[in-house]
Amino acid sequence: MKNIWKDGVMGVVTGDALGCPVQFETRAEVATHPVAGMRGYGTFNLPAGSWTDDSSLTLALLESLKRTDAVDLNDIMENFVQWLDNGEFTPYGYSFDIGGGTMSAVCRYMRQKDPLKCGGNDEWNNGNGSLMRILPACLFAYAKKMNDDEAIQTVHQVSSLTHAHIRANIACGLYYFMVKAILDGEGGLQDRLQAGLTYGFAYYERTLSGHENLRYYDRLRDLKQFAQLPVDKIRSSGYVVDTLEAAVWSLITTDSFEAALLKAVNLGEDTDTVGAVAGGLGGLFYGYQGIPAQWVNALQKKEWIESLCENPLRDERK
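Now for a description of the structure that goes with this document. (Residues numbered from 1 in each chain as written. Predicted model: local features only at pLDDT ≥ 70, side-chain atom pairs only at ≥ 80, totals over all residues. Heavy atoms only, no water.)

**Comments concerning the overall build of the protein**
Scanning the protein from N- to C-terminus turns up 15 helices and zero strands. Computed over C-alpha atoms, the radius of gyration of the protein comes to 18 Å, within 12% of the 20 Å expected from 2.2 N^0.38 for 318 residues, which places it in the range of a compact globule. Dimensions of the protein, computed from the C-alpha atoms along their principal axes, are close to 45 × 45 × 40 Å. Here the protein, with 318 residues, has 59% of them falling under the buried criterion. The contacts of the protein with a sequence gap of at least 6 include a subset with a gap of at least 24, amounting to 74%. Here the protein has roughly 12200 Å² of accessible surface; of this, 48% comes from carbon and sulfur atoms. Considering the protein, the positive charge centre built from 29 side chains and the negative charge centre built from 40 side chains are found 3 Å apart. (Helix = DSSP H or I, 4+ residues; strand = E, 2+ residues; numbered from the N terminus. Rg over C-alpha atoms; globule rule 2.2 N^0.38 Å. Buried < 20%, exposed > 50% of the residue type's maximum accessible area, 1.4 Å probe, protein only. Contact = heavy atoms within 4.5 Å. Areas by Shrake-Rupley, 256 points an atom, 1.4 Å probe, with all protein chains shown as cover. Lys, Arg positive; Asp, Glu negative; His and termini not counted. Charge placed at Lys NZ, Arg CZ, Asp CG, Glu CD.)

So, in structure tokens, the structure goes:
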């Protein structure tokens, strides 16, 4: 039976690990030694298959959802604390590559123990630190057959644990609608992503009191046109809008998981997160079997990660 958790989460971790060795390198620097497969060392001087905070926080969220069979915001944040303080959910027993917004939010939670007030919500809290780990929340909403309002409330709350600005929330919401369209839709990947985005834009236009933050995503309204943009028009920074655009562009201009992920990480800059975000969607569409076996087999703690993906909910939709 198809395991959407394994498809998506292994896609996230693989994309993260693929981009890890060249994180923070410029596009020009990466072009001097382009990523062609899973390799080690580089930025963090770690072995091949090493993954970063993107996967750690994704797995911390997944473990909480699986164990509690609920979206328990305090429990999720306690997992994040264990990651930051004790190296839980990491490949080597220590946390590294920690984004500023995430660090501030977890530390704020440790002081106040209020998950609804720990995420930053100003203009500077629009990094990709919630988008990179949101996939399990999207799959949870889908598996529990939540209606749109319930699903988006869930996704926004999980995003807001670290990134509470509405622009970061919207990125996670649009990601949810793309996840749902991949799982329920028909046709090619671009068609499904377009269907999800079209529905997502309509949802936010109907429910948001103002649309100024939605407009930041306008280039994603027409994927046929967006796919025609040359690479120099695609940004791959840690800004949440750039990350979502880069991930989608890499997926719709390729025809396999391998090609999409190599395109994503060779964009340079925030390579692990662009890889993770593209990997989640790509994994759901192409399936676990579509991820190159040599990449999966190289992942650190592969068997443990896969065990977390088995039967994660007690009431999953069939």
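**Section: the pattern of salt bridges**
Scanning all chains against the criterion turns up 12 salt bridges. In this structure, Asp7 and Lys2 form a salt bridge, with 2.7 Å as the shortest nitrogen-oxygen distance. Asp75 serves as the salt-bridge partner of Arg67, at 2.8 Å between the closest nitrogen and oxygen. Ionic contacts of the salt-bridge type, sharing partners, join the residues Glu63, Arg67 and Asp75 into one network. (Salt bridge = Lys/Arg side-chain N within 4 Å of Asp/Glu carboxyl O.)

**Some words on helix H9 (residues 189-207)**
The first and last C-alpha atoms of H9 sit 27 Å apart over 19 residues, in line with the 27 Å expected at 1.5 Å per residue. Three or more residues of H9 are buried, namely Leu189, Arg192, Leu193, Gln194, Gly196, Leu197, Gly200, Phe201, Tyr203 and Tyr204. Packed against the buried residues of H9 are helix H7 (148-160), helix H8 (166-184), helix H10 (223-226), helix H11 (240-252) and helix H13 (271-286). (Expected span 1.5 Å × (residues − 1).)

**Details of helix H6 (residues 135-143)**
Among the nine residues that make up H6, nine are buried, leaving the element largely enclosed by the rest of the structure. Here H6 has its buried residues at Leu135, Pro136, Ala137, Cys138, Leu139, Phe140, Ala141, Tyr142 and Ala143. Packing partners of the buried residues in H6 comprise helix H1 (4-19), helix H3 (53-68), H7, H8 and H13. Following H6 by one or two positions, Lys145 adopts a phi angle in the positive range, close to 55°.

**Examining the nonpolar core**
Within the largest apolar cluster, 102 residues are counted, with the highest numbers of intra-cluster contacts made by Tyr175 and Tyr217. Per-element tally for this core: the top contributor is H8, with 11 residues. Setting aside residues up to four positions removed in sequence, Tyr217 forms contacts with Arg167, Ile170, Ala171, Leu174, Phe201, Val240, Val241 and Leu244. (Core = buried A, V, L, I, M, F, W, Y, C linked by side-chain atoms within 4.5 Å.)

**Topic: the environment of Leu189**
Note that Leu189 resides in helix H9. Taking the relative accessible area as the measure of exposure, Leu189 reaches 6% and is therefore buried. Considered as a pair, Leu189 and Met178 are 11 residues apart in the sequence and their alpha carbons are 9.9 Å apart.

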